[in-house]
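A look at the structure
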Amino acid sequence: LPGVREVVPVVRPELGGLRATVWKLWFDQWYAFRAAAPRAAVLVHGMEGFLPYSLRRRDRCVATVHDLGWQVHPELYDRKLRLMYQALFPWVLRRANRLIAVSQYTADDLVRRANVPASRIDVVYHGLDPVFARPQNRSRTSEEPYFLAVGGVSPRKNTRRLIEAFSRWRSHGGDRRQYQLRITGTSLDRNFAENGAALPDGVSLLGYVAKAELPGL
């Protein structure tokens, strides 16, 4: 796009570990602003729900908040992640000119839990990638019917309940017996992994599936 340029460090650390975490905080909170002209006002959109501490008074900003799960169900979040939200999110609430909530539920949580005036919140639902709107050519017409769940086996996504509900529905027999439940994603419930929970009949884990391949499913 005309007038748009990306400014990133020459070397990024490998993902994972303390060094990568510190680098990301440094980049998000301070370094990214080197791309801004010294005297120009900047419009910042924090799409991950965070805003840099290096914002100046003349800058304007909006943050998208996907949920407040780390407050609602802290037991489902890693301690480091909870501490990061606790350290960074109050600044977002104070500094953001506008907040975008991806659902009315999240908007209500912002009002109820964070005391954000409803007048500062706009509800904007997630869009649909055009790749999923195009009809797909399915060559395997004889394949058994199935349900697809994207996101792995995670307590935050209530996948265990999904598996239980599917199994109960399928157990009623008849045409339901031919259906399968296929789950994509690499996230795995810790207890699910450690205990080696057996998958019910008709349920399978596909692991990571590239975005380009998802429409074919």
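Residue positions within a chain follow its written sequence, with the count starting from 1. In view of the model being predicted, local features appear only for residues whose pLDDT reaches at least 70, and side-chain atom pairs are presented and counted only at 80 or more, with totals across whole chains, interfaces and linings using the full set of residues. Only hydrogens and water are set aside; all other atoms, that is, all heavy atoms of the structure, feed into the side-chain values.

Once that is clear, we can look at the confidence of the model for the protein chain. Per residue, pLDDT measures the predictor's confidence, with a range of 0 to 100. Here the protein chain averages 84 in pLDDT, and 83% of its residues register 70 or above. By the criteria applied, helices consist of DSSP H or I runs no shorter than four residues and strands consist of E runs no shorter than two, each listed in order from the N terminus. Within the protein chain, helix α6 (residues 190-194) has the poorest average pLDDT of any element, 58, and strand β3 (residues 98-101) the best, 98.

One less than the number of residues in a helix, times 1.5 Å, gives the span that helix is expected to have. The end-to-end C-alpha separation of helix α5 (residues 159-170) is 16 Å, in line with the 16 Å expected for twelve residues at 1.5 Å each. The set of residues buried in α5 consists of Thr 159, Ile 163, Phe 166 and Arg 170. End-on view of α5: buried residues confined to an arc of 65°, all on one side of the axis. Exposed side chains of α5 directed beyond 90 degrees from the buried face belong to Arg 161 and Arg 168. Residues are treated as being in contact if the distance between any of their heavy atoms lies within 4.5 Å. Elements in contact with the buried residues of α5: β5 (146-150), β6 (180-184) and β7 (203-207). Each residue is placed in one exposure class: buried if its accessible area under a 1.4 Å probe, protein chains only, is under 20% of its type's maximum, exposed if it is over 50%, and partly exposed if it falls in between. Our arc is simply the arc of the directions from the helix axis toward the C-beta atoms.

The next point concerns the pattern of salt bridges. Criterion for a salt bridge: a side-chain nitrogen of Lys or Arg within 4 Å of a carboxyl oxygen of Asp or Glu. Evaluated as defined, the whole model comprises eight salt bridges. A salt bridge links Asp 109 to Arg 113; the shortest N-O distance between them is 3.7 Å. Here the residue Asp 109 and the residue Arg 113 both occupy positions in helix α4 (residues 104-114), the gap between them amounting to four residues, near one helical turn. For Arg 161, the salt bridge identified is with Glu 164, shortest N-O distance 3.8 Å. Separated by three residues within a single helix, Arg 161 and Glu 164 lie in helix α5, roughly one turn from each other. Under the relative-accessibility criterion, Glu 164 is labelled partly exposed at 42%. Each of the salt bridges in this network shares a partner with another, and the network as a whole consists of Lys 24, Asp 28 and Glu 48.

The next thing to look at is the sheet that holds β7. Within a sheet, each strand pairs with its neighbour through backbone hydrogen bonds, oriented either parallel or antiparallel. Strand order in the open sheet formed by three strands is β5-β6-β7, and the pairing between neighbours is parallel. Two strands in the sheet have a free side with no partner beyond their single neighbour: β5 and β7. Neighbour to neighbour, the strand axes of the sheet diverge by 20° on average, direction disregarded. For helices, the fitted axis covers only the stretch in contact; all axes are lines through C-alpha atoms, and the angles between them, taken along N-to-C directions, range from 0 to 180 degrees. Strand contacts of α5: β5, β6 and β7, with the helix running at about 165° to β6, the strand carrying the most contacts. By the convention used here, strands pair only if DSSP detects at least 2 bridges between them.

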